[in-house]
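# Fold and contact review
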Amino acid sequence: MEKWIVLILCLLALALICWKETQRKNRARLHLRITASVLAIVALYFLAQPVRFQRKLDPSKENTAVLLTEGFDRDSLSSLKNIPQYSADRSITANNKGVTFIPDLEHFSRSQADINKIHIVGSGLEQHDLNDVKDKKLIFHPNQVSGFQSVHWNSTVRSGEKLTVQGRFNSKSKDIKILLRGLSTTLDSIDLSGSQTFELSITPKLINTAIYSLIAVSGKDTLANEKIPVIIEAKTPVRVLMLSSSPDFEYKFLKSWLSSEQYTLLIRTAISKDKFSTEFLNTERLNLNRISPSLLKNIDVVIGDMAELSSLGGAENAAIQNELSNGMGLIIRADEEGGTGFYKRAFNIRQSRAIDQKSLSLTWDGRTAKKTAAPSGWGMEIVKRSGEQALVRDNQNHTLVSSKLYGAGRIIASTVSDSYTWMLSNNSADYFSYWSHIIGKAARKAEATESWAILNQFPTINSPAQLRLESSAATQPSVTVENIPVYFAQDPSQSYRWNAQYWPPQSGWQAIKSNNKESFWYAFDGQDWQSARMSQRIANTEKFIGNNKNISKQTNSVIRTYTYTLPAIYFFVLFLMACGYLWIERKLAPTY
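In this text the structure is predicted, and so the values were computed from the model without any measurement.

## What about the packing of helix H6 (residues 249-260) against helix H12 (residues 428-442)?
- At a minimum axis separation of 12 Å, H6 and H12 run at an interaxial angle of 85 degrees. One element, H6, and the other, H12, form an angle in the roughly perpendicular class. On H12, the residues touching Glu250, Phe253, Leu254, Trp257 and Leu258 of H6 are Tyr431, Phe432, Trp435, Ser436 and Ile439.
- When its residues are assigned to classes, the contact of H6 with H12 shows 8 nonpolar, 1 polar and 1 charged.

## Overview of the sheet that holds strand S5 (residues 117-122)
- Strand order in the open sheet formed by 5 strands is S4-S3-S2-S5-S6, and the pairing between neighbours is parallel. Each having just a single partner strand, strand S4 (99-101) and strand S6 (137-142) make up the two edges of the open sheet. Each adjacent strand pair in this sheet contributes to an overall mean axis angle of 30 degrees, direction not counted.
- Relative to S4, strand S3 (residues 85-87) runs parallel, the two sharing 3 bridges. Residue pairing for S4: Ser87 is matched across the bridge by Phe101.

## Details of the side chain of Arg333
- With respect to the element layout, Arg333 can be found in strand S19 (residues 329-333).
- Given a relative accessible area of 9%, Arg333 falls into the buried group.
- At 3.1 Å, the side chain of Arg333 forms a polar contact with the side chain of Asp248.
- Those residues in contact with Arg333, other than ones at most four positions away along the chain, are Asp248, Glu250, Tyr251, Gly304, Asp305, Met306, Ser414 and Ser417.

## Details of the packing of aromatic side chains
- Applying the stated criterion across every chain, the model contains 25 aromatic pairs.
- Taken together, a centroid distance of 5.9 Å and an interplanar angle of 15 degrees make the contact between Phe253 and Tyr420 stacked. Remark: Tyr420 occurs in helix H11 (residues 420-424) and Phe253 occurs in helix H6; sequence separation between them is 167 residues.
- Ring centres of Tyr502 and Trp521 lie 6.2 Å apart, and the angle between their planes is 85 degrees; on these two criteria the pair is classed as edge-to-face. Remark: Trp521 occurs in strand S34 (residues 517-523) and Tyr502 occurs in strand S32 (residues 497-502); sequence separation between them is 19 residues.
- The exposure class assigned to Tyr502 is buried, which follows from its relative accessible area of 6%.
- Residue Trp521 is classed as buried on the basis of its relative accessible area, which comes to 6%.
- These aromatic residues form a ring-pair network of at least three members: Phe148, Trp153, Phe169, Phe198, Phe458, Trp509, Tyr522, Phe524 and Trp529.

## Considerations on the layout of surface pockets
- Roughly 1,300 Å³ of internal volume is contained in the second largest pocket.
- Around the second largest pocket, the lining is made up of 43 residues, and of these Glu126, His128, Asp129, Ser463 and Arg537 lie nearest the centre.
- If you list the elements that add at least two residues to the lining of the second largest pocket, you get strand S2 (64-68), helix H4 (105-111), helix H5 (127-132) and helix H13 (530-547).
- Here the lining of the second largest pocket is built from residues that sort into 13 nonpolar, 19 polar and 11 charged.

## Details of the pairing of S34
- Judged from the 7 bridges that link them, strand S33 (residues 508-514) and S34 form a sheet pairing that is antiparallel. Residue Lys513 lies in a different strand from S34, and its bridge partner there is Glu518.
- Taking the residues that link successive antiparallel strands as the turn, the S33-S34 hairpin has 2 residues, and the phi of Asn515 there is positive, at about 55 degrees.

## Remarks on the sheet that holds strand S12 (residues 196-202)
- Read from one edge of the open sheet, 3 strands run S7-S9-S12, paired in antiparallel fashion. Edge strands, defined here as strands with exactly one partner in the open sheet, are strand S7 (147-153) and S12. The mean angle between the axes of side-by-side strands here comes to 20 degrees, regardless of whether they run parallel or antiparallel.
- As paired strands, S7 and strand S9 (residues 163-170) are joined by 6 bridges and run antiparallel to one another. Looking across to S9, one finds that Ser150 is bridged to Arg168.

## Digging into the pairing of strand S16 (residues 264-272)
- Extensive coverage of S16 is indicated by the burial of 7 of its 9 residues.
- As paired elements, strand S15 (residues 239-244) and S16 share 6 bridges and run parallel to each other. Bridge pairing in S16 links Arg239 to Thr264.
- Pairing of S16 with strand S17 (residues 275-281), which is carried by 7 bridges, proceeds in the antiparallel orientation. Considered in S17, the bridge of Leu266 is made with Phe280.
- Counted between consecutive antiparallel strands, the loop separating S16 from S17 contains 2 residues, among which Asp274 sits at a positive phi close to 65 degrees.

## Focus: a nonpolar patch on the surface
- Together, Leu44, Leu47, Ile569, Tyr570, Phe572, Val573, Leu576 and Met577 make up an exposed nonpolar region whose accessible area comes to about 760 Å².
- Elements with a contribution of two residues or more to the nonpolar patch: helix H2 (30-48) and helix H14 (569-588).
- Note that Leu44 resides in helix H2.

## Observations concerning H13
- The first and last C-alpha atoms of H13 sit 25 Å apart over 18 residues, in line with the 26 Å expected at 1.5 Å per residue.
- Restricting attention to buried positions, one finds in H13 the residues Ser531, Ala532, Arg533, Met534, Ser535, Arg537, Ile538, Thr541, Phe544 and Ile545.
- Packing partners of the buried residues in H13 comprise S5, H5, S6 and S7.

## Observations concerning the nonpolar core
- Core analysis: the largest hydrophobic core is formed by 33 residues, its most contacted members being Val240, Met242, Leu258, Tyr434 and Ile439.
- When residues in this core are grouped by element, the largest group, 6 residues, is from H12.
- Aside from chain neighbours lying at most four places away, what touches Ile439 is Trp257, Leu258, Tyr263, Val301, Ile303 and Ile331.
- Residues Leu296, Leu330, Ala334 and Ala346 belong to the second largest nonpolar core, which totals 29 residues.

## Structural notes on unusual backbone geometry
- At Ser184, a residue that is not glycine, the phi angle is positive and equals roughly 60 degrees.
- Look at Ser184 and you get exposed, because its relative accessible area is 68%.
- Notably, Gln262 is not glycine yet its phi reads approximately 70 degrees, a positive angle.
- Locating Gln262 in the fold gives a position in the loop between H6 and S16.

## Comments concerning the pattern of salt bridges
- Tallied over the full model, the rule gives 17 salt bridges.
- Arg444 serves as the salt-bridge partner of Asp300, at 3.7 Å between the closest nitrogen and oxygen. With Asp300 in the loop between helix H7 (293-296) and strand S18 (301-305) and Arg444 in the loop between H12 and strand S27 (450-454), this pair connects stretches of sequence that are 144 residues apart.
- A salt bridge links Arg444 to Glu323; its shortest N-O distance comes to 3.1 Å. Remark: Glu323 occurs in helix H9 (residues 314-325) and Arg444 occurs in the loop between H12 and S27; sequence separation between them is 121 residues.
- The exposure class assigned to Glu323 is buried, which follows from its relative accessible area of 5%.
- One salt-bridge network, held together by shared partners, links Glu70, Glu126 and Arg537.

Reading the values: the criteria
Residues numbered from 1 in each chain as written. Predicted model: local features only at pLDDT ≥ 70, side-chain atom pairs only at ≥ 80, totals over all residues. Heavy atoms only, no water. Axes fitted to C-alpha atoms, helices over the stretch in contact; angles between N-to-C directions. Helix = DSSP H or I, 4+ residues; strand = E, 2+ residues; numbered from the N terminus. Parallel < 35°, antiparallel > 145°, perpendicular 65-115°, else oblique. Contact = heavy atoms within 4.5 Å. Nonpolar A, V, L, I, M, F, W, Y, C, P; charged D, E, K, R; others polar. Pairing = 2+ DSSP bridges. Buried < 20%, exposed > 50% of the residue type's maximum accessible area, 1.4 Å probe, protein only. Polar contact = N/O pair within 3.5 Å; in protein donor to acceptor, adjacent residues only side chain to side chain. Phe/Tyr/Trp six-rings, centres within 6.5 Å; stacked < 30°, edge-to-face > 60°. 1 Å grid on protein atoms, 1.4 Å probe; cavity = no way out; pocket = protein on both sides within 12 Å on 5 of 7 lines; lining within 4 Å. Points joined across faces, edges and corners; volume = space filled by probe spheres on them. Patch = residues over 30% accessible without salt bridge, like charges linked within 9 Å, V, L, I, M, F, W, Y side chains within 5 Å. Areas by Shrake-Rupley, 256 points an atom, 1.4 Å probe, with all protein chains shown as cover. Salt bridge = Lys/Arg side-chain N within 4 Å of Asp/Glu carboxyl O. Expected span 1.5 Å × (residues − 1). Core = buried A, V, L, I, M, F, W, Y, C linked by side-chain atoms within 4.5 Å.

Below you can see the structure in the form of structure tokens.
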């Protein structure tokens, strides 16, 4: 209501009350009654129209601002009173009086040059927003986030491979169950207590895009329900050549598993000098009496024991080493008999009594598995040298499987000669994971003319999705997302890399086309993964401030003031006291 309307109404009310008081026959304490009436009307006016005036900021709070972000806690503002408050979030400014909306942080930073200190309260800012205020002294007051703190999954899975979802969930509830669901069925679950990490996994069989659900429940209450979009691709066929000096259990079980997984398998086992037995699984028969360059061009990985590899002729050795340089992989099975030449020198392998064969536990790619072994006083380990990468370690941190580059290919040496014991103990999951990890590292990599990456973990509608294209083409790529052209900028230091931003207008799978090839990525709704995105922003904001502890730019001292509103409680008490006096006075001296 307009001030002048309130003023006129109050003056009319005051005139009426004063006239009524003067008309009373009992004129005792008339001046006190008139004074009380005036005070009551004045208090009523200021209740309708709060008293505001300018105050000078505390010197310690001059040139300072508070920036409110999503999820801020009101209690955290108790130490930041009387400091101008801003926000770039319209919902915050709409629901909190006295908060000024900032449509553009970069413009705010330039136009408010006298502000050199900003308190960021809440879940923090995105990277591009942090860059807009990086010349200020930033002080972060993060909020506490419950729900999914972090999560990661392999967004592209080949048919038959595992989809693994890992993360951390934070809650005050003691009994929590995390469910991975798809097609209205619970596929995997785990029980948690409070704040804990979790890992769930399934093996998708269909080849398509799919959206699974990650659900957190406590009793009958659903605490969170988030989407897990996954692209399931057809498995790339891998062609394997196995060279064995003699048949053994390791080759027998490995052959059976590779065959069941639809690997193309060529096997050559030595019988005597220059005589071999051969097997062909999932492929046509070929002549394996001689390892020739033409044969190896169609092989992705060679698996051979040290003895058989060392017995190869000079031409066969040259063919293998030449194809290694062109991208083929080689897995060497080291044994106690050792070997000679190139394969012996490739790695520094030695015997070690420190490896306890009775309680052996192997670790690879974040997975740990116990393994039984035949009693032996000696174990074999690989002494790491420069340029080598440990792929599998034991529980005493000895390297049992190691890898190194050789041209465009990779050589891997393994001292684990009895992985089949996993199969004998009915533990096929660890066996499959172990060999999938090693063969996947060694196998020839398909040459891709271009590869896509979405740099945001949670690309969200109406927010910039960071697209990256790595292409062998020298010209600017022609790309569309949902038939909308997207223009890329070439990376100044890496010419094969192109970057762009795209603001998805709607959630769901986004089709991205380049050179008549179509790929997909998923854009989340604004309500998806809120707790995880807030946790991510908090971590990024803390890291940004930690890496940019620069002194704020010196600015001219400006006398800053703020609008102070006198608390309405003062006028309410005055109104009650004045009305109370008038009521008591009338009771003590009634009109007659």
